[in-house]
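Report on the structure
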Protein chains: 2
Amino acid sequence: MKEVIEYIERNRERYLEELNEFLKIPSISTDPKNREDVVEAAEFVARQLKASGMEKVEISATEGHPIVFGEQITDPDQPTVLVYGHYDVQPVDPIELWESGPFEPTVRQGELYARGAADDKGQLFIHFKSAEAFVKTGQRLPVNIKYLIEGEEEIGSPHLDQFIEENQELLGADVAMVSDTAMFARGVPSICYALRGLAYFQLDLEGASTDLHSGSFGGAVVNPAFELSKILAQMKDDDDRITIPNFYSQVRDLTDRERQEFSRLPFDKSAYMKDIGIRELPGEKGYSPLERLWTRPTFEVNGLSSGFSGEGAKTVLPARAMAKVSMRLVPDQDPDQISDLFEDYVHSLAPSSVKLKITRMHGGKPWVASLDHPALIATSKAIKKGFGKDPVFQREGGSIPVVATFAELMNLPSVLMGIGLPDENAHAPNEKLNLENFYCGIKSSAHFLDELSRSGL
Amino acid sequence: MKEVIEYIERNRERYLEELNEFLKIPSISTDPKNREDVVEAAEFVARQLKASGMEKVEISATEGHPIVFGEQITDPDQPTVLVYGHYDVQPVDPIELWESGPFEPTVRQGELYARGAADDKGQLFIHFKSAEAFVKTGQRLPVNIKYLIEGEEEIGSPHLDQFIEENQELLGADVAMVSDTAMFARGVPSICYALRGLAYFQLDLEGASTDLHSGSFGGAVVNPAFELSKILAQMKDDDDRITIPNFYSQVRDLTDRERQEFSRLPFDKSAYMKDIGIRELPGEKGYSPLERLWTRPTFEVNGLSSGFSGEGAKTVLPARAMAKVSMRLVPDQDPDQISDLFEDYVHSLAPSSVKLKITRMHGGKPWVASLDHPALIATSKAIKKGFGKDPVFQREGGSIPVVATFAELMNLPSVLMGIGLPDENAHAPNEKLNLENFYCGIKSSAHFLDELSRSGL
């Protein structure tokens with residue numbers, strides 16, 4: 001390992017240059033305008049895998065964006081790790097809030113700013129460079145390695161499950177490695193052992209067939225913006241409990257051990273609030289902020305649009321109102337079942353005077369891992385060597401639906417070794433990645449391959 | 001009068017051509033981009049007044065858009081009418097719903113389509129052409145006439161009250177004539193004797209300082225879009241009564257006579273609903289649709305905006321949410337007092353976890369006239385001659401704040417002789433004016449000048 005680690009140290013600058021090339025590609029998966037860019041990012045990934053010594057590299061077309069697969073089998077008796085990641089990124093709006101261009105990677109004070117720096121290009125990249133370090137120093141990879149890199153994570157991975165289902169043999173592995181989460185805090189390397197799921201919807205309400213004058217028609221014609229507000233307002237009660245009937249019936253209570261461990265984590269309430277510019281941490285009664293973020297489901301309004309929202313005043317009675325809404329789910333809630341409950345409830349709340357359309361946008365299952373799994377223990381040792389300190393075990397509020405898919409379709413356990421930070425603005429302007437964590441991440445990834453070969457898996 | 005009416009009949013085509021020139025000017029008062037166009041519209045009006053024989057025509061600058069004044073004093077013993085109107089128009093969004101360009105006047109099946117056709121350029125125009133008909137047929141105007149034409153009606157007339165206050169002598173008159181309302185129905189010429197007032201606001205809520213990932217942060221961070229929905233939802237109860245404390249304390253109940261007269265009007269519920277594409281006429285309990293539209297105050301959401309509202313799904317926890325809201329007011333509600341009540345109530349509803357900003361956009365007082373006034377009786381006779389049938393007396397749900405200003409500052413009664421139709425899409429795409437009503441309106445305006453001279457006023 002000494003040679004491998006030295007190689008990594010020597011190549012820091014080149015790694016950054018190559019990552020910058022990756023980040024310059026505006027591979028926004030949700031926007032049809034960027035379709036070619038997404039393909040370019042897939043090709044970039046394929047070239048990286050070849051450079052990392054993979055024997056087999058394939059770009060597979062889907063009905064959406066392509067999936068990149070890579071493989072190097074060095075010893076069938078050794079365990080096989082399947083590295084999962086995504087090369088697509090979130091949209092960049094509001095673009096005017098970026099201090100440097102989202103696709104012009106810029107280093108300021110040890111942080112690399114670009115859309116995708118943390119989510120997920122920069123994190124994925126560490127697993128290319130760890131393999132490369134073994135190959136380029138003339139060593140055999142300590143375990144077998146496979147890569148499954150998709151381009152549709154930010155739009156809910158609509159074609160990934162089918163690909164996995166149809167390629168179970170190709171993808172066969174003993175553990176999946178995913179770096180797409182954040183560390184608990186700066187200087188606190190972490191392993192994430194649970195994720196929340198997701199159910200995302202668009203609600204469209206329509207009243208009159210055209211916008212009307214609010215003076216001439218107000219009082220006899222339904223206002224869909226008001227009715228939408230009423231529906232949304234009824235989704236949570238005064239204790240911030242979600243009011244959808246039977247919504248909580250499958251929710252697994254957090255254990256006493258978890259409550260204790262979470263309460264020991266160095267969660268600095270006032271620093272957290274200061275970071276994101278809030279004055280309070282409101283939320284569901286009876287749970288601490290970390291418990292709410294990690295172990296409790298939520299209901300969020302992600303977007304609103306209706307009528308006139310430009311400068312000045314327009315006395316319009318809008319014909320239409322739209323909301324994007326989503327729920328974060330926790331074990332053992334099922335997105336399909338929750339979606340049914342949600343739709344029934346919204347239908348029951350909407351007055352007969354509006355036309356209501358509910359569109360299911362995407363969903364993902366929640367997931368939780370066993371802390372005693374050999375791969376988690378190997379990861380813990382690898383992080384200790386890569387970062388110089390023991391990791392903490394945490395959960396995460398976001399979704400990585402593929403982790404649930406691995407568990408269900410392939411009975412494949414996952415390890416979530418995130419090297420992002422909580423303030424890295426994933427999905428927001430000025431997304432960034434701490435460069436020191438990036439380099440420690442490459443070393444941890446290399447140690448992981450080594451530790452896994454001795455884990456008894 | 002015979003000569004005057006014949007002159008009007010002979011000049012129908014030229015009237016339409018000249019009105020089209022007026023309608024081609026995109027005098028949108030709310031948009032700074034159109035500032036020059038608004039000035040051009042003012043100059044057009046001044047030229048029309050000169051052509052109508054006015055001795056004195058002046059364009060007065062204000063801090064906003066100019067005010068055009070015109071005057072012809074023919075006999076100090078005769079009554080003086082002050083014609084009020086506005087040459088500015090509403091914005092045109094959503095532009096994609098217009099079947100012909102908003103500033104490319106087009107006649108289809110007897111209807112003239114253009115922004116401002118009904119509100120208010122087309123209606124104002126009838127009072128230019130009636131005066132012209134007297135002058136061009138070599139006759140003295142039967143009464144003295146003054147014109148007060150502003151360019152800021154659609155943004156709440158911010159500089160008109162001051163102009164009126166400072167020019168009371170110049171504007172001195174016995175009655176104001178305003179054509180900026182709709183007839184009760186096609187074929188039912190009408191006089192409007194009451195208007196609702198207005199109080200319009202923008203609400204801005206802010207949570208975190210930047211948009212956040214709804215997975216990583218959802219559960220501990222306030223969602224301003226949800227909190228905004230909650231505030232809006234609490235503005236009306238299940239009976240559609242507005243819940244602002246003391247909101248109804250100044251509301252004048254409608255009289256038994258009004259209830260009876262309204263119930264006799266040919267209000268075709270199913271045609272009304274079909275016209276605007278709705279299936280029900282919901283609203284405040286205990287009042288008929290016409291009573292609600294004309295005599296009851298309302299609360300409307302005019303616009304909503306927050307987070308992500310584009311194509312697809314973005315899992316954002318928005319930093320900000322905005323609503324445009326307004327209340328229609330009825331006699332004797334006062335916009336300032338109602339605005340205070342509204343602001344206090346919204347502040348009481350907003351949680352401490354959001355920053356709330358309330359902006360007063362504009363307001364206008366409600367108004368009601370006496371049905372026995374000689375000018376109303378003269379108008380009634382003029383309409384009978386111009387349209388060939390007796391008018392009905394109705395109220396109107398919209399605001400014309402200047403009417404309240406005339407009453408308060410100058411003790412000046414107003415006559416509202418609207419020749420628009422209820423389905424003419426004022427403030428919406430495909431605004432139009434019925435050409436037959438336009439020509440009958442010119443004749444009615446000429447008869448009004450004649451009848452007023454014999455009204456005993």
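Given the structure is predicted, the values throughout are model-derived calculations rather than measurements. (Residues numbered from 1 in each chain as written. Chains lettered and ligands numbered in written order. Predicted model: local features only at pLDDT ≥ 70, side-chain atom pairs only at ≥ 80, totals over all residues.)

The helix and strand tally for chain A stands at 15 helices and 18 strands. For 457 residues, the compact-globule estimate of 2.2 N^0.38 gives 23 Å, and chain A sits close to it at 23 Å. Viewed in the frame of its principal axes, chain A has a C-alpha envelope of about 80 × 50 × 45 Å. Within the span of chain A, comprising 457 residues, buried residues form 56% of the whole. (Helix = DSSP H or I, 4+ residues; strand = E, 2+ residues; numbered from the N terminus. Rg over C-alpha atoms; globule rule 2.2 N^0.38 Å. Buried ≥ 20, exposed ≤ 12 C-beta atoms within 10 Å, placed from the backbone.)

Summing up the model confidence of chain A, the mean pLDDT is 95 and the portion of residues at 70 or higher is 100%. Across the assembled chains, the prediction reports ipTM 0.79 with pTM 0.79. (pLDDT = per-residue confidence, 0-100.)

Next up on the list: the packing of helix H2 (residues 12-23) of chain A against helix H4 (residues 121-136) of chain A. All names here are of chain A. Running from amino to carboxyl end, H2 crosses H4 at an angle of 135°, the nearest separation of the two axes being 11 Å. Comparing the axis directions of H2 and H4 gives the class oblique. By crossing handedness, the relation of H2 to H4 is classed as right-handed. On H4, the residues touching Tyr-15, Leu-19, Phe-22 and Leu-23 of H2 are Lys-121, Gly-122, Phe-125 and Lys-129. Among the residues forming the contact of H2 with H4, the class breakdown is five nonpolar, one polar and two charged. (Axes fitted to C-alpha atoms, helices over the stretch in contact; angles between N-to-C directions. Parallel < 35°, antiparallel > 145°, perpendicular 65-115°, else oblique. Left-handed = near helix turned anticlockwise from the far one by under 90°. Contact = placed C-beta atoms within 7 Å. Nonpolar A, V, L, I, M, F, W, Y, C, P; charged D, E, K, R; others polar.)

As a further point, take the sheet that holds strand S18 (residues 432-434) of chain A. Residue and element names in this part refer to chain A. Spatial ordering of the open sheet is given by S4-S5-S18, a layout of three strands whose pairing is antiparallel. Among the strands making up the open sheet, the edge pair consists of strand S4 (106-108) and S18. Here the average twist between neighbouring strands, direction ignored, is 25°. As paired strands, S4 and strand S5 (residues 111-113) are joined by three bridges and run antiparallel to one another. Paired with Val-107 across the strands is Leu-112, a residue of S5. Along the sheet, helix H15 (residues 435-453) makes contact with S4, S5 and S18, crossing S18 at roughly 60°. (Pairing = 2+ DSSP bridges.)

Facing the 79 residues of chain A at the interface are 80 residues of chain B. Counting only elements with at least two residues in the side of chain A that touches chain B, the list comes to strand S10 (212-213), helix H7 (214-217), helix H8 (224-233), helix H11 (289-295), strand S11 (298-307), strand S12 (316-317), strand S13 (320-329) and strand S14 (355-364) of chain A. The element contributing the most residues to the side of chain A that touches chain B is S11(A), with nine residues. For S11(A) and strand S11 (residues 298-307) of chain B, the ladder comprises five bridges, and the chain directions are antiparallel. The residue bridging Gly303(A) from the neighbouring strand is Gly307(B), located in S11(B).

For the match of chain A to chain B, the screw axis carries a shift of 0.0 Å, the RMSD comes to 0.0 Å, and the turn is 180°. Look at the turn and shift together and you get a two-fold axis relating the two. An overlap of 100% is found between the interface residues of chain A and their copies at the interface of chain B, pointing to a shared contact surface. (Least-squares fit on C-alpha atoms with pLDDT ≥ 70 in both.)

Our next topic: the environment of Asp161(B). Counting through the fold element by element, Asp161(B) comes out in helix H5 (residues 160-166). Residues Asp161(B) and Phe406(B) lie 245 residues apart in sequence; the distance between their C-alpha atoms is 9.0 Å.

Often the size quoted for an interface is simply the accessible area lost on bringing the parts together. All names here are of chain A. Domain annotation of chain A identifies domain 1 (2-195 + 366-453) and domain 2 (197-251 + 297-364). The interface is formed by eight residues belonging to domain 1 together with nine residues belonging to domain 2. When the residues that make up the side of domain 1 that touches domain 2 are grouped by side-chain class, the tally is five nonpolar, three polar and no charged. (Domains from an automatic or database assignment.)

Another aspect to go through is the packing of helix H1 (residues 2-10) of chain B against helix H4 (residues 121-136) of chain B. Residues and elements named next belong to chain B. Viewed as axis vectors pointing N to C, H1 and H4 meet at an angle of 115°, and their least axial separation amounts to 9 Å. When you trace H1 past H4, the crossing you get is right-handed. Residues Val-4, Tyr-7 and Ile-8 of H1 touch H4, and the partners they reach there are Lys-129, Ala-133, Phe-134 and Lys-136. Grouping the constituent residues of the contact of H1 with H4 by class yields five nonpolar, no polar and two charged.

Bringing the sheet that holds S11(B) into the picture now. Spatially, S14(A)-S9(A)-S13(A)-S11(A)-S11(B)-S13(B)-S9(B)-S14(B) is the arrangement adopted by the eight strands of the open sheet, whose pairing is antiparallel. Each end of this open sheet is capped by a strand with a single partner; those strands are S14 of chain A together with strand S14 (355-364) of chain B. Taken over all neighbouring pairs, the strand axes of this sheet differ in orientation by 20° on average, direction set aside. Across nine bridges, the pairing between strand S9 (residues 197-206) of chain A and S14(A) is antiparallel. Across the sheet, the residue bridging to Leu203(A) is Ile358(A), located in S14(A). Sitting on the sheet, helix H8 (residues 224-233) of chain B touches S11 of chain A together with strand S9 (197-206), S11 and strand S13 (320-329) of chain B, and the angle it makes with S13(B) is about 15°.

With that settled, consider the pairing of strand S1 (residues 56-60) of chain B. Residue and element names in this part refer to chain B. Looking at chain direction, S1 and strand S2 (residues 67-72) are connected through five bridges and run antiparallel. Following the sheet pairing, Val-57 is matched in S2 by Gly-70. Taking the residues between adjacent antiparallel strands as the criterion, S1 and S2 are bridged by six residues.

Turning our attention to unusual backbone geometry. A cis geometry characterises the amide bond from Pro331(A) onward to Asp332(A), with omega recorded as 5°. Mapped onto the fold, Asp332(A) is located in the loop between S13 and helix H12 (335-349). Asp119(B) connects to Asp120(B) through a cis peptide bond whose omega is 5°. Mapped onto the elements of the fold, Asp120(B) is located in the loop between strand S5 (111-113) and H4. In the Ramachandran plot, Gln109(A) falls in the positive-phi region, its phi being about 50° despite a non-glycine side chain.

Turning to helix H13 (residues 374-387) of chain A, a few remarks are in order. Every α-helical turn comprises 3.6 residues, leaving residues that sit three or four positions apart pointing alike. All names here are of chain A. The terminal C-alpha atoms of H13, which comprises 14 residues, lie 20 Å apart, in line with the 20 Å expected from a rise of 1.5 Å per residue. Buried within H13 are the following residues: Ala-375, Leu-376, Ala-378, Thr-379, Ser-380, Ala-382, Ile-383, Gly-386 and Phe-387. Residues of H13 that are buried make contact with strand S7 (175-178), strand S8 (190-195), strand S17 (414-416) and H15. Where H13 ends, the next residue or the one after it, Gly-388, has phi of about 80°, a positive value. (Expected span 1.5 Å × (residues − 1).)

A separate point is the environment of Gln333(B). All names here are of chain B. Mapped onto the elements of the fold, Gln-333 is located in the loop between S13 and helix H12 (335-349). For Gln-333, a count of 23 C-beta atoms within 10 Å puts it in the buried group. For the pair Gln-333 and Glu-63, spaced 270 residues apart in the sequence, the C-alpha separation amounts to 29 Å. Beyond its immediate chain neighbours, meaning those up to four positions away, Gln-333 contacts Gly-197, Gln-250, Val-251, Pro-297, Ile-338 and Pro-366.

Turning our attention to the environment of Gln72(B). Residue placement: Gln72(B) occurs in strand S2. Beyond its immediate stretch of four places on either side in the chain, Gln72(B) contacts Gly53(B), Met54(B), Glu55(B), Leu141(B), Asn144(B) and Ile145(B).

It is a general feature of regular strands that their side chains alternate between the two faces of the sheet. Residues and elements named next belong to chain B. The buried fraction of S11 is high, at ten of ten residues. Relative to S13, S11 runs antiparallel, the two being bridged by eight bridges. Looking across to S13, one finds that Gly-303 is bridged to Lys-324.

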